[in-house]
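# Working through the structure, step by step
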Amino acid sequence: MPAKILVLGLDAAEATLIERWAAEGTLTTFAALAKRAAVFRLDTPLETLPEGIWHELHTGLSAGKIGRYYVTNQIHNGEAKPRPVTAAEIDPEEFFWTQAGRAGHRIAALDMVHTVPAENLNGLQLFEWGLHDRHFSTMSEPPELLAEITQRHGAHPIGSCDDHGATPEGYQSLLDGLTRSVEAKRDIYCDLLGRESWDLFAATFAESHCVGHQFWHFLDPGHPRHDPAAPAEFADAVKQIYARLDQALGAVIEAAGEETVVLVVASHGMGLYVGGYQLLPEVLLRLGLGPAGAQAERGHKTKARALYHALRGRYGFITGGKRPFSKSSLGRRVRAYFGTPISALDSPDTKATAALNNRVGAIRLNLKGREPNGQVAPGNEAGDLIGELRQELMSLEHPELGEPIVDRVLTAQEAFGADRHPDVPDLMVVFRTDLGQLEACRSDRVGLIRRPLFSPHKPRTGDHTTESRLWIAGPGVPAQSGRARAVDLSPTVLRLLGVTPPEGIDGRAIDCLHALYADNR
């Protein structure tokens, strides 16, 4: 058979939509899986460190131990300025396909999210050809694979999903690109599956991620930006891309062979862009915990953003010297000119700073002995500050509804225990999702704060939910439903291949497949 184990990822596909449209008959592949597969709701880090979902799936390690929670720009222990995670800081030996390859199995790992190459691996690896998240570089091992894909299919039809301009022409171009992307990936995966026999073939479709972020308001009548007069193809865009993904999955599963054990995972879901976390920087500032000069810093960011979009609208691009430069680099130049700090932890006046953390708010204390300009002593002082922050955050109300907007506040200790990675935030703020979009808050101490979610340079209207699923189907797999964890995927795949999972990981192989594990045969 072409593959013993087939692992297919759907990046940020909303599982409740998959289940609804499968029941209605639109998604025939998932309808068939629902009848014969073991289906698991997955417990994930979506309410602590959301971006850690793929790291957990790929490694079996808790996101709190991995410490990669916002790859594009996160705080690193002992550093004052947030910065991207580098490829060198990711250990490819942790990935389940690397471990399978090291055990002698023939593997293919194609467009796996947030990953980097392992050297001298027994198989094929493709990186960031058609992913929503592209942090490192588009490449392959061996290099000839990318060259062949480019020759046959060209470059991926979409650069950044956020760059369509939020115009009818832009949305149409993006939708066309997503359609071509699904078709290209289907062809690439089916072609590679048919070339040889694989012990493990793992691949990701990411079009569900992009269509959810950009087209959610067309689908959701309750969205503030919903337009009932929008073109029908936009209103149906999410459903149509899911249908094409369903057809592509069916083709790849068929190409893998009837004897293949198939694992399909829908990672983090997609729904209304709720927000709330964008309010935290101003909240901290008004509590007297942010840096002196933050008002000026915020003003310079606004000026930089306005200048960037004015130039972009007038000329289509911006140049600085011989090379184009981005809004962020322009912002740094404006801030440097005005002489304000770029990072809150640079300032000796900062006691706490907000950190980017996807759908969950995050706060890091400026701790003495940990940060270069630490201002808060570990122990009682830090504990008192955390207590104060928890109280003030839980008191934030929706200004129109009078309802609290924060569901709960978790400390790193509470979420991950003592063996957590030192980079993780000290506090995680989980906002309510039942009040609609959270673009304002008030309390007696901070007053009224308003910060919109929608931005022309990042025109997203959908954001992630906690709905994650795993379907497992194949000979001997019992049809049932249950719960599992994202960290359980990696050891489950390894056990199916007869590879002993590494000691010290947080996941464990799913029990209902005990009779199928190769080391038990």
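The structure under discussion appears in the preceding block.
Quick notes on the rules
Residues numbered from 1 in each chain as written. Predicted model: local features only at pLDDT ≥ 70, side-chain atom pairs only at ≥ 80, totals over all residues. Heavy atoms only, no water. Helix = DSSP H or I, 4+ residues; strand = E, 2+ residues; numbered from the N terminus. Buried < 20%, exposed > 50% of the residue type's maximum accessible area, 1.4 Å probe, protein only. Phe/Tyr/Trp six-rings, centres within 6.5 Å; stacked < 30°, edge-to-face > 60°. Salt bridge = Lys/Arg side-chain N within 4 Å of Asp/Glu carboxyl O. Pairing = 2+ DSSP bridges. Axes fitted to C-alpha atoms, helices over the stretch in contact; angles between N-to-C directions. Contact = heavy atoms within 4.5 Å. Core = buried A, V, L, I, M, F, W, Y, C linked by side-chain atoms within 4.5 Å. 1 Å grid on protein atoms, 1.4 Å probe; cavity = no way out; pocket = protein on both sides within 12 Å on 5 of 7 lines; lining within 4 Å. Points joined across faces, edges and corners; volume = space filled by probe spheres on them.

## Regarding the overall build of the protein chain
Counting its regular elements, the protein chain contains 16 helices and 19 strands. With 521 residues in all, the protein chain has 55% of them scored as buried.

## What to know about the packing of aromatic side chains
As enumerated under the stated definition, the model contains 13 aromatic pairs in all. Note on Y189 and F205: the rings are 5.2 Å apart at their centroids and 80° apart in plane angle, and the pair reads as edge-to-face. In this pair, Y189 is assigned in helix 7 (residues 168–193) and F205 in strand 6 (residues 198–205), connecting sequence segments 16 residues apart. What makes F205 buried here is its relative accessible area of 0%.

## Thoughts on the pattern of salt bridges
Counted according to the given criterion, the structure contains 36 salt bridges. For the salt bridge of D43 with R483, the shortest nitrogen-to-oxygen distance reads 2.6 Å. Of this pair, D43 sits in strand 2 (residues 38–43) while R483 sits in strand 19 (residues 480–485), and the two are 440 residues apart along the sequence. Of the charged contacts in the structure, one is a salt bridge between R432 and D434, with a shortest N-O distance of 3.0 Å.

## Notes on the sheet that holds strand 14 (residues 427–431)
Strand order in the open sheet formed by four strands is 11-12-14-13, with antiparallel pairing between adjacent strands. The open sheet has two edge strands with one neighbour each: strand 11 (352–355) and strand 13 (406–411). Strand-to-strand twist across the sheet, computed as the mean angle between neighbouring axes with direction ignored, equals 25°. Two elements, strand 11 and strand 12 (residues 361–365), share four bridges in a ladder whose sense is antiparallel. Bridging across to strand 12, A352 finds its partner in L365. Sitting on the sheet, helix 14 (residues 380–394) is in contact with strand 11, strand 12, strand 13 and strand 14, with an inclination near 170° to strand 13.

## With respect to the nonpolar core
Counting residues in hydrophobic clusters, the biggest one holds 63 residues, and the most contacted among them are I18, F30, F201, F215, Y242 and W471. Looking at which element gives the most residues to this core, the answer is helix 10 (residues 237–256), with eleven residues. When sequence neighbours within four positions are dropped, the list of residues in contact with Y242 reads A12, A13, E14, L17, I18, W21, L27, S208 and V211. Residues V7, V261, I510 and Y517 belong to the second largest nonpolar core, which totals 46 residues.

## Some thoughts on the sheet that holds strand 3 (residues 107–110)
Spatially, 5-4-3-6-1-7-18-2-19 is the arrangement adopted by the nine strands of the open sheet, whose pairing is mixed. Because the sheet does not close on itself, it has two edges, and the strands there are strand 5 (139–141) and strand 19. Sheet twist, expressed as the average angle between the axes of neighbouring strands with direction ignored, equals 15°. Direction of pairing for strand 7 (residues 261–266) relative to strand 18 (residues 469–473): antiparallel, over a ladder of five bridges. Paired with V264 across the strands is W471, a residue of strand 18. Most of the contacts of helix 6 (residues 143–153) go to strand 5, to which it runs at about 130°, and overall it touches strand 3, strand 4 (123–127) and strand 5.

## Points about empty space enclosed by the protein
In this structure the tally under the stated criterion is two cavities of 30 Å³ or more. Quantified by volume, the largest cavity comes out at close to 40 Å³. Lining the largest cavity, in full, are L10, A13, I18, L27, F30, Y242, L245 and D246. The element contributing the most residues to the lining of the largest cavity is helix 10, with three residues. Put simply, the second largest cavity is a space of about 30 Å³. As for the second largest cavity, its lining consists of V7, L8, G9, W54, H58, F96, M112, A203, T204, V265 and L489.

Just distances and angles here, no functional claims.
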